[in-house]
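Secondary and tertiary structure notes
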Amino acid sequence: MADTQGPRTATLTIDGESYELPLLTPTAGPDVIDIRKLYGQAGVFTYDPGFTSTAACDSTITFIDGGQGELLHRGYPIDQLAEKSHFLEVCYILLYGELPSAAELEDFEHRVTMHTMIHEQMNNLFRGFRRDAHPMAVMVGVVGAMSAFYHDSTDINDPWQREVASIRLIAKMPTIAAWAYKYTIGQPFVYPRNDLDYASNFLHMCFSVPAEEYQVNPILARAMDRIFTLHADHEQNASTSTVRLASSSGANPFACIAAGIACLWGPAHGGANQACLEMLREIGTPNRIPEYIERAKDRDDPFRLMGFGHRVYKNFDPRAKVMKQSADEVLELLGIEHNPTLQVAKQLEAAALADPYFAEKKLFPNVDFYSGIILEAMGFPTSMFTPIFALSRTVGWVSQWKEQLADPQLKIGRPRQLYLGEVMRDYVDIEDR
Ligand code: SDX
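Let me sum up the structure you'll find in this document. Quick caveat, the model's predicted, so the values are computed rather than measured.

Helices and strands together make up the secondary structure of the chain, namely 19 helices and six strands. Relative to its length of 433 residues, the chain is compact, with a C-alpha radius of gyration of 24 Å against a globular reference of 22 Å. The burial tally for the chain puts 47% of its 433 residues in the buried class. For the chain, restricting intrachain contacts to residue pairs at least 6 apart in sequence, the fraction spanning at least 24 positions comes to 69%. A distance of 2 Å separates the average location of the 38 positive side-chain charges in the chain from that of its 55 negative side-chain charges.

Structural data, given as structure tokens:
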């Protein structure tokens, strides 16, 4: 232990020269070699494309143990939060670090509720898109444009403005996502209601129409809230790292979150839930599963099982377990437990987990494998799956953004490279070539 034998170090030897690098001890997870002075001491870079072995920051927000399939938010296990808490309380925990008292939670939920409307003039932004625009394109644009409407919460050096921007983003994301959906289906925007909870408000803004009353089904609202909770934060994933890097330049919070939304859109990341459901539909029937399993194993075939595998989890993604339980509950409630897509999903999961290839590569279902099935059963088109992921992950991005800005060591992120291009050479005039 560091305190009994003095500071721990790692020794790096290059061409007979040795360098002592501090070894940093976490509260959980692997030790970290501090290489901040390496280039200055040894004149070398480290090389880690994809950052598979690189800690880009320190954080106290979320911990993942990929081998154990464990996910903690401020120390609280995700399965306990999914079972016992609700999304806005999880937002509080991620933002402020502790379980709120009843009064603190009531105040927080009131502050979020009071910020759910967006500036009326932002209505016009949606109309600048084609009706067949992907809702993620709309979200990237509208969230980035918040920088042009909320000037009183863009100064990142003012703690109060950082707090207001955080609440505004968490509060307004459901409205923006719902309106992006309504715009693409040609229905009128539905304004948020202060008498509804966060998840019910989102369902109401998505599925109600002015022509008739809409009653939110409380079981669907609970499932929606649980999906929000399961997607809230996930350590230094690609989109969160994008938000941190954007923020390191001093960019305003709305621009940073828009960058996170853009990164999340990719099918290898947040776009996997849409890609997974489209894959399940393409497979269509259980008898076609072996064909797709073989394609996923074929290194010459770019096809991969969407919703499977994870950079960190080399065991079950704990969120997938909870999501699978919710899928069963929602489909049973809707009387579609025999949903063919769900049947294909369950049989595909069983076939993949029984296949030595997936066991050897430690490929398990991730958070995206079942979420699409629930969202489709709830009435969302596949194009809304990633916007819902973005809506949920906004609290994670904002929490990590706030944490980074409070770090006295904060400096602009500026990685180096392994250069393999041409070395210096002289320009040759065209007549001499
Ligand atoms: C999310 O980082 C996060 O925390 C992300 C996330 C979050 O909450 O923020 O958890 C959300 O993005 C979940 C992941 C959603 N993506 C998908 O479901 C897309 C399908 N999965 C793969 O694209 C892949 O598994 C990744 C991108 C998720 C992880 O990629 P890695 O860690 O870089 O692993 P890899 O691509 O290097 O794969 C290792 C091996 C490879 O085989 P070899 O080259 O070693 O022979 O496993 C194979 C891959 O071919 N492999 C798969 C596979 N995923 C990896 N083979 C078939 N199907 C797959 N899904």
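Once the structure has been displayed, the description carries forward.
Looking now at the pairing of strand β4 (residues 62–65). Consecutive side chains of a regular strand alternate in pointing toward one face of the sheet and then the other. Of the two faces of β4, only one is covered, namely that formed by T62 and I64; the face formed by F63 and D65 stays uncovered. As defined by bridge partners, β4 adjoins strand β5 (residues 70–73) across four bridges and the pair is classed as antiparallel. Its bridge partner being in β5, T62 is matched across the sheet by H73.

Below, the discussion takes up the nonpolar core. If you look at the biggest cluster of nonpolar residues, it comprises 110 residues, and the most contacted ones within it are F126, F202, M224, L305 and F380. Setting aside its immediate chain neighbours within four residues, F380 contacts F202, L203, C206, F207, M224, L375, F385 and I388.

So, on to the pattern of salt bridges. Enumeration according to the criterion identifies 21 salt bridges in this entry. When the shortest N-O distance is used, the salt bridge between R36 and D34 registers 2.5 Å. The exposure class of D34 is buried, given its relative accessible area of 13%. The residue D132 makes a salt bridge to R130 at a minimum N-O spacing of 2.5 Å. The burial state of D132 is the same as that of R130; both residues are exposed. When salt bridges that share partners are traced, they join D107, R111, E163 and K402 into one network.

Looking now at helix α12 (residues 253–264). Taking 1.5 Å per residue as the helical rise, α12 with its twelve residues ought to reach 16 Å, and the 17 Å between its terminal C-alpha atoms agrees with that figure. Of the positions making up α12, those classed as buried are P253, F254, C256, I257, A258, G260, I261 and L264. Where α12 begins, the side chain of N252 points an oxygen toward the backbone nitrogen of F254, at a separation of 2.9 Å.

This part covers the site of the ligand. Taken together, 24 residues form the shell around the ligand, and within it H234, R299, H310, R319 and R393 come nearest. One of the side-chain N or O atoms of R311 is found 2.8 Å from an oxygen atom in the ligand. If the ligand stood free it would expose 1000 Å²; the protein chains cover 79% of that surface. Of the residues assigned to the shell around the ligand, the class counts are ten nonpolar, seven polar and seven charged.

A separate point is the sheet that holds strand β6 (residues 76–77). Here three strands make up an open sheet; going across it, the order is β4-β5-β6 and the pairing antiparallel. Since the sheet does not close on itself, it has two edges, and those belong to β4 and β6, each with one partner. One ladder, built from two bridges, connects β5 with β6; its direction is antiparallel. Bridging across to β6, L72 finds its partner in P77.

Below, the discussion takes up the packing of helix α16 (residues 340–353) against helix α18 (residues 367–377). Helix-helix packing is characterised by the crossing angle of the two axes and by the distance between the axes. Relative orientation of the contacting elements α16 and α18 amounts to 170°, with a least axis distance of 10 Å. With respect to their mutual orientation, α16 and α18 come out roughly antiparallel. Contacts from T341, L342, A345, K346, L348 and E349 of α16 reach α18 at F369, Y370, I373 and E376. Its residues assigned to classes, the contact of α16 with α18 shows six nonpolar, one polar and three charged.

We now examine helix α19 (residues 385–405). The end-to-end C-alpha distance of α19, which contains 21 residues, comes to 30 Å, matching closely the 30 Å that a straight helix rising 1.5 Å per residue would cover. By the largest-angle criterion, R393 marks the main kink of α19, which is about 40°.

Turning to the environment of T154, a few remarks are in order. Tracing the chain through its elements places T154 in the loop between α7 (135–145) and α8 (159–184). Take T154: its relative accessible area is 22%, and that puts it in the partly exposed class. Residues T154 and Y183, 29 residues apart in the sequence, show an inter-C-alpha distance of 27 Å.

How each quantity is defined
Residues numbered from 1 in each chain as written. Predicted model: local features only at pLDDT ≥ 70, side-chain atom pairs only at ≥ 80, totals over all residues. Heavy atoms only, no water. Helix = DSSP H or I, 4+ residues; strand = E, 2+ residues; numbered from the N terminus. Rg over C-alpha atoms; globule rule 2.2 N^0.38 Å. Buried < 20%, exposed > 50% of the residue type's maximum accessible area, 1.4 Å probe, protein only. Contact = heavy atoms within 4.5 Å. Lys, Arg positive; Asp, Glu negative; His and termini not counted. Charge placed at Lys NZ, Arg CZ, Asp CG, Glu CD. Pairing = 2+ DSSP bridges. Core = buried A, V, L, I, M, F, W, Y, C linked by side-chain atoms within 4.5 Å. Salt bridge = Lys/Arg side-chain N within 4 Å of Asp/Glu carboxyl O. Expected span 1.5 Å × (residues − 1). Polar contact = N/O pair within 3.5 Å; in protein donor to acceptor, adjacent residues only side chain to side chain. Near = heavy atom within 4 Å. Areas by Shrake-Rupley, 256 points an atom, 1.4 Å probe, with all protein chains shown as cover. Nonpolar A, V, L, I, M, F, W, Y, C, P; charged D, E, K, R; others polar. Axes fitted to C-alpha atoms, helices over the stretch in contact; angles between N-to-C directions. Parallel < 35°, antiparallel > 145°, perpendicular 65-115°, else oblique. Bend = angle between axes of the 7 residues up to and from the residue.

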